[in-house]
Every structure is written in structure tokens, then in C-alpha cells.
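# A look at the structure
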Amino acid sequence: MIIRWSRSGEAVRRRLQQAALKLFVEHGFDQTPVEAIASRAGVTERTFYRHFADKREMLFDGETELRDLLVQALAAVPHGTKPLPTLRAAFHETVPLFERNRPFTEPGVRLITETPALQKRSLAKRALLVNALTDALQTRGVDARTAPLCAQVAMDTFAVATQRWMQEPSVPLRTTPRRCSSQVAGSHRHAIVAQTAIGAAS
């Protein structure tokens, strides 16, 4: 029996991700070489590196799409809206993306939690998102002290919300961030008191 794989770029990329995720779950991230991923996906290592810089990037492939979507959604919020409601509205627009990618994201999050190298990459990616949101807020006229604090609070809130959503599938992701906001705001209370930024931005 001959298996005829699709050779379109997007199909190959998705197949590599699916193969990698299965192997990571079966053998562990550190124990899975690129050669094994390429073989499972039915392509060469050269093809793998045309799509991904390294195997870590396979678990963060959607970050650019997420960042672009957030920045665009944030820019579309009516001017005059305070920073935190603006950020909530922007994150609300990303819910379909998270729901669509859930079968890949759930096991990916578990792998990141269990793998120090992936945790480091995850923190770096999150910092890039916070920077992008900070820049987008400042473009809207939010001051240089308030923008990064609001961006960080919003990012932390959505991270907690998505984690809770994965643990409780029956809870809609659209409603979870608002339920988590007070919990996250409490963890930033020292910065809020120091700058009074959140009170002015909410």
C-alpha cells in the first residue's frame, strides 16, 4: 500500500506538527530527535528545517498569528476605551483561534510544563507578546508607565484563563478571563498601588 502525502506547504507543516506532538507525548521532548519527526511525517530533515528553525518552535508556531491578531483587534477597539477593557476586547477576538487549536494546544501546554527548555522559550514568547501589546497601547496614547503594566496584567489574566479553560472544558473561554481578572490583579497589587495605573485604566 502506497501512502500519498500532500506536498502543499501548509499540509506538510501541519503534518510535521502532528507527528512531533505524538512523538513528544510517546517519548518525551528531549528524547525525540528531528530525524524521527521528519520520518514519522514522511519528509526529509531538510524539509523539516524549511518549515521550522528547531523542534522547540513547533510548539510555538501560532505565536506570530496570535500577536498579529491581538494587535489588529486592539487597534479596532473604539478610541477612548480605557486600556484594560481594550485589552479584554482584543483577547476576546482570539477565542476562535484558541478553540480551533485546542487539540494541539492542550498536550503542548503539558509538554511545556514538564520541559525546562520549553518553559524558557515560552517565557520569551510571552514577553514578545507583552511588548507588542505595550507598543499598541502607546500608539493609542496610553502613557509609557501604564501601557506595560496593563499589557502584563492582561497577558497574565489570559494565561490563567486559558489554563483554567483547559482544566474545565465545560467553561466557555469567552467568559473565563473576566472571572480570573481579580485574581491576577491581586498579584500585581504592589505595582498598582505604586502607579495607580490599573485604577485609571479599568
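Provided above is the structure to which this section pertains.
What you see is a predicted model, and the numbers here were worked out from it, not measured in a lab.

## Observations regarding the overall build of the chain
Each helix and strand in the chain was counted, giving eleven helices and zero strands. When the helices and strands of the chain are read in sequence order from the N terminus, they spell out α-α-α-α-α-α-α-α-α-α-α. Looking at the chain residue by residue over its 202 residues, the buried ones come to 46%. By element, 53% of the accessible surface of the chain is carried by carbon and sulfur atoms, the whole surface being about 11100 Å².

## A few points about the layout of surface pockets
Of the voids in this model, the largest pocket is the one considered here, and its volume is about 1000 Å³. Along the walls of the largest pocket sit 35 residues, with Leu59, Glu63, Phe98, Thr105 and Val109 positioned nearest its centre. Among the elements that make up the lining of the largest pocket, the one with the highest residue count is helix H6 (residues 95-114) (ten residues). When grouped by side-chain class, the residues that make up the lining of the largest pocket number 16 nonpolar, ten polar and nine charged.

## Remarks on the nonpolar core
In summary, soluble globular proteins display a tendency toward joint burial of nonpolar side chains. In terms of nonpolar packing, the biggest core is built from 26 residues, with Leu70, Leu74, Leu87, Phe91, Leu133 and Leu137 touching the most fellow members. Every element with two or more residues in this core is listed here: helix H4 (63-76), helix H5 (83-92), H6, helix H7 (116-139) and helix H8 (146-167). For this core, the element with the most residues is H8, which contributes eight residues. If you look at the next biggest cluster of nonpolar residues, it comprises 22 residues, including Phe24, Val43, Phe48 and Met58.

## What to know about the packing of aromatic side chains
One pair of aromatic rings is described through two measures. These are the centre distance and the angle between the planes. Taken as a whole and judged by the stated rule, the model has five aromatic pairs. Arranged with centres 5.8 Å apart and planes meeting at 40°, the rings of Phe48 and Phe52 form a pair that is tilted. Assigned by exposure class, Phe48 and Phe52 land together as buried. Judged by centre distance (5.1 Å) and plane angle (70°), the rings of Phe98 and Phe158 are edge-to-face. With Phe98 in helix H6 and Phe158 in helix H8, this residue pair connects regions lying 60 residues apart in the sequence. Through successive ring pairs, a cluster of aromatic residues spans Phe48, Tyr49 and Phe52. Its guanidinium or amino end placed over the ring of Phe52, Arg13 lies 4.4 Å from that ring's centre, counting from NZ or CZ.

## Focus: the pattern of salt bridges
Scanning the model with the defined rule gives eight salt bridges in all. Notably, a salt bridge pairs Asp54 with Arg121, separated by 3.3 Å at the nearest N-O pair. Of this pair, Asp54 sits in the loop between helix H3 (45-51) and H4 while Arg121 sits in helix H7, placing them 67 residues apart in sequence. Exposure remark for Arg121: the relative accessible area of 15% places this residue in the buried category. Between Arg121 and Glu57 there is a salt bridge, and its shortest N-O distance comes to 2.0 Å. One end of the pair, Arg121, is in helix H7; the other, Glu57, is in the loop between H3 and H4, with 64 residues separating them in the sequence.

Definitions and cut-offs
- Residues numbered from 1 in each chain as written.
- Predicted model: local features only at pLDDT ≥ 70, side-chain atom pairs only at ≥ 80, totals over all residues.
- Heavy atoms only, no water.
- Helix = DSSP H or I, 4+ residues; strand = E, 2+ residues; numbered from the N terminus.
- Buried < 20%, exposed > 50% of the residue type's maximum accessible area, 1.4 Å probe, protein only.
- Areas by Shrake-Rupley, 256 points an atom, 1.4 Å probe, with all protein chains shown as cover.
- 1 Å grid on protein atoms, 1.4 Å probe; cavity = no way out; pocket = protein on both sides within 12 Å on 5 of 7 lines; lining within 4 Å.
- Points joined across faces, edges and corners; volume = space filled by probe spheres on them.
- Nonpolar A, V, L, I, M, F, W, Y, C, P; charged D, E, K, R; others polar.
- Core = buried A, V, L, I, M, F, W, Y, C linked by side-chain atoms within 4.5 Å.
- Phe/Tyr/Trp six-rings, centres within 6.5 Å; stacked < 30°, edge-to-face > 60°.
- Lys NZ or Arg CZ within 6 Å of the ring centre and 35° of its normal.
- Salt bridge = Lys/Arg side-chain N within 4 Å of Asp/Glu carboxyl O.

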